[in-house]
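# Structural overview
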Amino acid sequence: MIDPLITGLVVFVLATFIGFEVINKIPPTLHTPLMSGSNAISGIAIVGALLVAGDKNWNLTVILGLLAVVLATINVVGGFLVTDRMLQMFKKKDVKA
Amino acid sequence: MNLSEFLPSGIELSYLVAAGLFIVGLKKLGSPASARQGNLVAAIGMLVAIVATLLNQGVLNYQMILVAILLGSAIGAVMAQRVEMTAMPQMVGLLNGFGGAASALVAIGEYWRYMQQAEIPLSETVTIILSVLIGGITFTGSMLAFVKLQGLITGQPITFGFQQPFNISLLIAFLVGSGLLIAHPHSSTIFLGLTTISLVLGVLFVLPIGGADTPVVISLLNSFSGLAASAAGFVLNNNMLIISGALVGSSGIILTQIMCKAMNRSLSNVLFSAFGSAKKFEEAAGEGSQDRTLHTIDAEEGAMMLGYARSVVIVPGYGMAVAQAQHAVRELADQLERLGVDVKYAIHPVAGRMPGHMNVLLAEANVPYPQLYDMDDINPEFDRVNVALVIGANDVVNPAARTNQSSPIYGMPILEVDRAQHTIVIKRSMNTGFSGVENELFYKDKTMMLFGGAKDVVASLVTAVKELN
């Protein structure tokens with residue numbers, strides 16, 4: 001059995017390379033939406049928060065987990081919505097132009 | 001195969017789908033035509049990941065989780081609706097901080113759970129330490145960036161004596177503490193100490209960075225929030241977190257590099273030199289700057305120059321964002337076009353306080369995308385431009401970057417407005433830009449200064465241009 005830490009490292013390094021490749025050339029107009037969109041993705045911490053908050057018995061771990069769920073949800077919902085709001089403005093203008 | 005056997009594999013497969021959706025979404029975010037769709041794809045990926053996680057048999061606390069998600073969604077939705085486009089840098093900073101805090105809390109919660117057990121595996125201790133460090137720095141660093149951008153404290157770099165030695169000793173203390181925690185994994189005192197140091201480090205990291213360097217620090221913190229999620233993924237051995245965090249981490253690094261390149265400075269120079277704060281740039285240009293003359297004009301004269309020009313290039317800067325003048329600028333451009341003037345916008349990559357700041361504001365004001373020009377595209381054209389209209393920009397148009405080797409901004413690529421036939425500069429006062437460098441552009445014979453707040457000045461230009469016919 002391979003140490004999960006090693007597996008994690010492999011996954012991490014490969015995903016980093018994918019990230020570099022996918023986001024290589026980006027027009028300046030999209031810098032802000034890309035940033036806020038990827039910011040929303042970093043709210044994936046919500047998955048960890050849910051796992052930590054999942055216990056039915058009250059203890060410190062669950063409380064911290066629930067707090068993390070609230071913060072991560074703000075990150076996710078706020079991030080995707082505000083990105084959409086921005087991109088909507090770009091859209092509107094494209095039609096006009 | 002019954003359900004309880006299939007479920008764990010099903011969850012992992014859903015994570016794979018979600019990760020795929022994130023990658024496709026990011027890819028689509030990179031092109032103007034598909035960006036909005038890309039954002040939606042990524043959001044669906046997030047939904048898949050959340051639903052899959054809720055099916056995990058360890059997740060039982062449904063009521064409270066539902067309350068937490070509803071609360072977070074409501075706050076997030078209201079924030080996203082209410083925020084002014086000019087305040088986007090703060091918004092991104094704040095959301096970043098929340099993400100980082102969530103990752104750190106996950107690690108702290110896991111540590112607490114392990115504390116109840118007899119043995120804490122070494123790999124867990126190490127990943128928890130890393131996760132708390134990155135998450136903590138992201139949290140307080142982003143919060144401080146938010147507070148600075150919101151204007152709650154000065155946006156200028158803040159330094160104090162022995163700052164670097166102090167930071168380094170804190171880092172050493174953190175390393176020693178980590179060693180101690182690995183030796184005594186059950187010591188909550190050491191763990192609390194490490195958490196505190198991480199939070200303090202975040203503050204110290206952003207404190208000396210200010211003003212025009214903010215785009216770099218915002219994109220770097222964005223990258224950190226991804227790495228924090230990855231670290232939390234290592235703590236929980238969860239590939240979904242590791243992959244998504246790595247994607248965000250690398251996209252943030254790319255943006256950071258673009259920003260640094262646009263200022264011709266290295267990342268370490270941006271982070272550690274406290275640019276613009278120190279008096280070390282004893283004005284080499286100070287000599288003679290007093291007896292040089294400024295040419296000021298009023299809105300009527302300005303309107304005449306603009307209205308009778310053949311081509312005008314508008315150069316927006318942070319001043320336009322602060323004054324929320326983007327709509328007035330668009331109106332001015334409309335009026336000029338009515339008179340047959342060719343209007344373009346020149347966008348410097350680091351104008352404003354976050355990557356792409358000017359583009360977002362001009363998009364909000366419905367400026368057609370084809371009118372926006374990048375630095376490399378517009379610079380060769382300035383020779384043929386009648387009037388360059390600089391609105392609240394300073395360092396990005398300072399010719400000293402090209403000519404004066406002793407200037408701290410020497411070598412930074414600039415918008416070469418000084419090569420236009422005339423330049424009109426709208427500025428609140430004669431204060432120097434963020435870098436603290438005098439701008440010789442203002443003293444040139446063909447440069448006209450129009451003092452006042454960007455919004456008021458542009459509005460009076462609009463009125464005056466309307467009267468030309």
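Everything numeric here is computed off the predicted structure, so don't read it as measured data.

## Quick word on the overall build of chain A
What chain A contains, in helices and strands, is four helices and zero strands. From first element to last, N terminus to C terminus, chain A shows the α and β order α-α-α-α. For 97 residues, the compact-globule formula gives about 13 Å, and the C-alpha radius of gyration of chain A, at 18 Å, lies well above that figure. Along the longest, intermediate and shortest principal axes, the C-alpha atoms of chain A span 60 × 35 × 15 Å. Counting across all 97 residues of chain A, residues that qualify as buried make up 60%. The contacts of chain A with a sequence gap of at least 6 include a subset with a gap of at least 24, amounting to 63%. Of the roughly 3,900 Å² of accessible surface on chain A, 70% is carried by carbon and sulfur atoms. Separation of charge centres in chain A, based on 7 positive and 5 negative side chains, amounts to 18 Å.

## A short note on the environment of Gly452(B)
Residue and element names in this part refer to chain B. Structurally, Gly452 is set in the loop between β6 (447-451) and α17 (454-467). According to the relative accessible area criterion, Gly452 is partly exposed, its value standing at 22%. Along the primary structure Gly452 and Arg402 are separated by 50 residues, whereas in three dimensions their C-alpha atoms are 28 Å apart. Residue contacts for Gly452: discarding those within four places in its chain leaves Ile426, Lys427, Arg428 and Val457.

## A closer look at a nonpolar patch on the surface
On the surface, Ile6(A), Leu9(A), Val10(A) and Leu14(A) cluster together into a nonpolar patch covering about 360 Å² of accessible area. Ile6(A) gets classed as partly exposed once you look at its relative accessible area, which sits at 45%.

## Re α17(B)
One turn of the α-helix equals 3.6 residues, which is why residues spaced by three or four share an orientation. Its 14 residues give α17(B) an end-to-end C-alpha distance of 20 Å, which sits within 8% of 20 Å, the value for a rise of 1.5 Å per residue. By the burial criterion, the buried members of α17(B) are Ala454(B), Val457(B), Val458(B), Leu461(B), Val462(B), Ala464(B) and Val465(B).

## Details of the UniProt feature "transmembrane region" (unreviewed entry) in chain B
UniProt records the feature "transmembrane region" (unreviewed entry) for residues 6-26, 38-56, 62-80, 92-114, 126-146, 166-184, 190-209 and 241-260 of chain B in the present numbering. For residues 166-184 of chain B, helix accounts for 95% and strand for 0%, while the C-alpha atoms at its two ends are 26 Å apart.

## Let's talk about the side chain of Asn222(B)
Within the secondary structure layout, Asn222(B) lies in helix α8 (residues 214-236). Each residue touching Asn222(B), except ones within four places of it in the same chain, is listed here: Met35(A), Ser38(A), Asn39(A), Asn96(B), Val248(B) and Gly252(B).

## Focus: the interface of chain A and chain B
Each partner contributes residues to the interface: chain A has 82 residues there, and chain B has 104 residues. Between chain A and chain B, the buried area comes to about 7,900 Å², and carbon and sulfur atoms account for 77% of it. Here chain A is connected to chain B by one salt bridge. For Asp84(A), the salt bridge goes to Arg36(B), with nearest N and O atoms at 2.9 Å. Counting the contacts that link chain A with chain B gives 19 residue pairs in polar contact (both at pLDDT 80 or more).

Calculation notes
Residues numbered from 1 in each chain as written. Chains lettered and ligands numbered in written order. Predicted model: local features only at pLDDT ≥ 70, side-chain atom pairs only at ≥ 80, totals over all residues. Heavy atoms only, no water. Helix = DSSP H or I, 4+ residues; strand = E, 2+ residues; numbered from the N terminus. Rg over C-alpha atoms; globule rule 2.2 N^0.38 Å. Buried < 20%, exposed > 50% of the residue type's maximum accessible area, 1.4 Å probe, protein only. Contact = heavy atoms within 4.5 Å. Areas by Shrake-Rupley, 256 points an atom, 1.4 Å probe, with all protein chains shown as cover. Lys, Arg positive; Asp, Glu negative; His and termini not counted. Charge placed at Lys NZ, Arg CZ, Asp CG, Glu CD. Patch = residues over 30% accessible without salt bridge, like charges linked within 9 Å, V, L, I, M, F, W, Y side chains within 5 Å. Salt bridge = Lys/Arg side-chain N within 4 Å of Asp/Glu carboxyl O. Expected span 1.5 Å × (residues − 1). UniProt positions renumbered as here; feature names shortened; annotations may be inferred. Buried area = accessible area lost by both parts, 1.4 Å probe. Polar contact = N/O pair within 3.5 Å; in protein donor to acceptor, adjacent residues only side chain to side chain.

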